[in-house]
Amino acid sequence: MTNATHPFKALMEITARPPAVFVRGEGSFLWDDTGKRYLDFIQGWAVNCLGHSPPAVAEVLAAQAQRLITPSPAYYNDASLKLAKALVDQSCFDRVFFANSGAEANEGAIKLARKYGALHRNGAHEIITFEGGFHGRTLATMSASGKTAFAPLFEPKVSGFPKARLNDLASVKELISDKTVAVMLEPIQGEAGVWPATDQFLRELRELTRANGLLLIFDEIQTGIGRTGKLFHYEHVEIAPDIMTLGKGIGGGVPLAALLATEAVSCFEHGDQGGTFNGNPLMCAAGFAVLQQVAAPDFLKSVADAGLYLEGELKRLSVRHALGEVRGRGLLLALDLKVPIAASIVVQAFDDGVLLNAPQPNALRFMPALNVAREEIGLMIDCLDAVLIRTGAARRVA
Ligand code: PLP
């Protein structure tokens, strides 16, 4: 086969991918087309909250596909009503709009805030976001993101997203003007390398936004649906945002996302928002099956326990190899390597059959399935330990 006809060439080049082709997944494991098994601590970037192809999701998808796939968002369907009601019952929000990706949910949040500004705040439209933040890859969500690599791309960006610094309330205050309608942030900056907003900062931000009549938007696309040991991260802080977006884990592996808002903020009028596949019963049925499992108190406690166990094991590795801090919450953790060796560690771990993620040159991020077993954490730690020993030896030689 020539290079031009190789199947990889039929896809647009959007990222560097290892040459393996995955054909099967089960729980914490993936298999490629040569039969090699990989232990997965990325899980589709924190998407497969119940692991690969969980029976609960696979069965409900098969059953729903035979009953009703999509009647059009112009009509109600039972699966989306059921999931919307469950999300409202489990959260501090009153209304849900379903989307197909996190970026689309965030676009919806941005539009909803701007609509609110047009109706209630004299046309205020600016949304204060944060340096290092990540909200997606549509033009508006790239503009809202504070990822430095995005800065030169696809100019001109969408305007109206001044950037504050995480955990620096004064930097938020400085940006507030009569044009401001909202503040939007990830409670833990995931793509930036797992940098948590402190609970105190989040509480003060809630007070500040309330005092200034501004909306507080939580992007819980990575932190929501049990990832941090509570169903939603805002519960740790005991505050109620006005708007929240969900994605990733909500579908347990299928494309589903959601925009949630309080009644007072749910101001879309007919024609403002929509989308062909939004709220289709196939994805919503999967989302309901996921929520039923993840929202159970015992399940959330097991996530918190597994998170503490993983954190403890990573701290042990850090001491053994003289690395940096372990940060994050629940099963969204990062290990600071202090030196830019993360990409090389990811490649070596891949060769050894473990999938790890390097969001930054000097940090590894861990986002296993929420039902990851202790033995699987042990296997990953053993692999990382061996890679770090090799890397340390190589650094001493170099
Ligand atoms: N917001 C956050 C916090 C994310 O982590 C991501 C994806 O990594 C997104 C938004 C975008 O979600 P999607 O890739 O589904 O569009």
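The shown structure was predicted, so the numbers you read here are calculated from the model rather than taken from an experiment.

Moving on, we get to unusual backbone geometry. The amide bond that connects E155 to the next residue, P156, takes the cis arrangement and shows omega of -5 degrees. Locating P156 in the fold gives a position in the loop between α5 (139-144) and β6 (163-164). One non-glycine residue with positive phi stands out, namely S72, at about 105 degrees. Mapped onto the elements, S72 comes out in the loop between α2 (55-67) and α3 (78-90). Despite not being glycine, E238 has its phi angle at roughly 55 degrees, a positive value. For E238, the position within the fold is in the loop between α8 (234-237) and β11 (243-246). Judged by relative accessible area, which is 71%, E238 ranks as exposed.

This paragraph deals with the layout of surface pockets. Taken as a whole, the second largest pocket spans an internal volume of roughly 1100 Å³. Around the second largest pocket, the lining is made up of 34 residues, and of these Y76, R95, V96, F97 and F98 lie nearest the centre. Every element with two or more residues in the lining of the second largest pocket is listed here: α3, β4 (95-99) and β12 (257-261). Top element by residues in the lining of the second largest pocket is α3. It accounts for five residues. When grouped by side-chain class, the residues that make up the lining of the second largest pocket number 17 nonpolar, 13 polar and four charged.

Once that is clear, we can look at empty space enclosed by the protein. Under the criterion given, the structure shown has two cavities of 30 Å³ or more. Its volume calculated, the largest cavity comes out at about 50 Å³. Lining the largest cavity are 13 residues, with A46, Q222, G224, I225 and G249 sitting closest to its centre. Lining the lining of the largest cavity are residues from two domains, each supplying at least three of them: domain 1 (22-53 + 298-396) and domain 2 (55-294). When its volume is computed, the second largest cavity comes out at roughly 30 Å³. In this structure, the second largest cavity is lined by F130, G133, H135, L166, M184, L185, E186 and Q189. Residue composition of the lining of the second largest cavity, by class: four nonpolar, three polar and one charged.

Okay, the sheet that holds strand β2 (residues 29-32) next. Across the sheet, four strands lie side by side as β1-β2-β3-β15; this open sheet has mixed pairing. The sheet is open, and its two borders are formed by β1 (22-26) and β15 (354-355), each paired with just one other strand. Pairing between β2 and strand β3 (residues 37-40): three bridges, direction antiparallel. Following the sheet pairing, F29 is matched in β3 by L39.

What follows covers the packing of aromatic side chains. The final tally for this structure, using the stated rule, is seven aromatic pairs. Taking 5.9 Å as the distance between ring centres and 90 degrees as the angle between the ring planes, the aromatic pair formed by F93 and Y234 counts as edge-to-face. In this pair, F93 is assigned in the loop between α3 and β4 and Y234 in helix α8, connecting sequence segments 141 residues apart. There is no split in this pair, since F93 and Y234 are both buried. Between F232 and Y234, the aromatic rings sit 5.8 Å apart at their centres with planes inclined by 10 degrees, giving stacked as the arrangement. This pair shows no difference in class: F232 is buried, exactly as Y234 is. Through successive ring pairs, a cluster of aromatic residues spans F22, Y38 and F350. The residue whose ring lies beneath R37 is F29, and the NZ or CZ to ring-centre distance is 3.9 Å.

Moving on: the domain arrangement of the protein. Domain annotation of the protein identifies domain 1 (22-53 + 298-396) and domain 2 (55-294). Relative placement of domain 1 and domain 2: their C-alpha centres are 27 Å apart. Listed per partner, the contact involves 26 residues of domain 1 and 28 residues of domain 2. Carbon and sulfur atoms supply 59% of the area buried between domain 1 and domain 2, which totals about 2300 Å² over both sides. Together, L300, R329 and L332 form the three largest contributors to the area buried by domain 1 at its contact with domain 2, with a combined 28%. For the pair domain 1 and domain 2, the number of links is two salt bridges.

Conventions adopted
- Position numbers for residues count from 1 along each chain, tracking the sequence in the order it is written.
- Local features in a predicted model are, by the rule used here, given only for residues with pLDDT of at least 70; side-chain atom pairs are given and counted only at 80 or more, and totals for whole chains, interfaces and linings are based on all residues.
- As a convention, hydrogens and water are excluded, and side-chain values are obtained from all of the structure's heavy atoms.
- For helices the rule is a DSSP run of H or I covering at least 4 residues; for strands it is a run of E covering at least 2, with both sets numbered from the N terminus onward.
- Residue exposure (1.4 Å probe, protein chains only): buried if accessible area is under 20% of the type maximum, exposed if over 50%, otherwise partly exposed.
- Put simply, the grid is 1 Å and covers the protein atoms alone, a cavity is a trapped set of points that fit a 1.4 Å probe, a pocket is an open set with protein on both sides within 12 Å along at least five of seven lines, and lining residues have an atom within 4 Å of a point.
- Grid points are joined across faces, edges and corners, and a volume is the space filled by probe spheres set on the points.
- Residues are grouped as follows: nonpolar covers Ala, Val, Leu, Ile, Met, Phe, Trp, Tyr, Cys and Pro; charged covers Asp, Glu, Lys and Arg; every other residue, Gly included, is treated as polar.
- Marked domain ranges trace back to an automatic or database domain assignment.
- Paired strands are those between which DSSP finds at least two bridges.
- Any two rings among Phe, Tyr and Trp, with Trp reduced to its six-membered ring, count as a pair given centres within 6.5 Å; such a pair is stacked if its planes are under 30 degrees apart, edge-to-face if over 60, and tilted if neither.
- Over a ring means this: the NZ of a Lys or the CZ of an Arg is within 6 Å of the ring centre and within 35 degrees of the ring normal.
- Here, two residues are considered to be in contact whenever any of their heavy atoms come within 4.5 Å of each other.
- Here the quantity called buried area is the accessible surface, traced with a 1.4 Å probe, that two parts lose on coming together, added over both.
- The term salt bridge refers to a side-chain nitrogen of Lys or Arg lying within 4 Å of a carboxyl oxygen of Asp or Glu.

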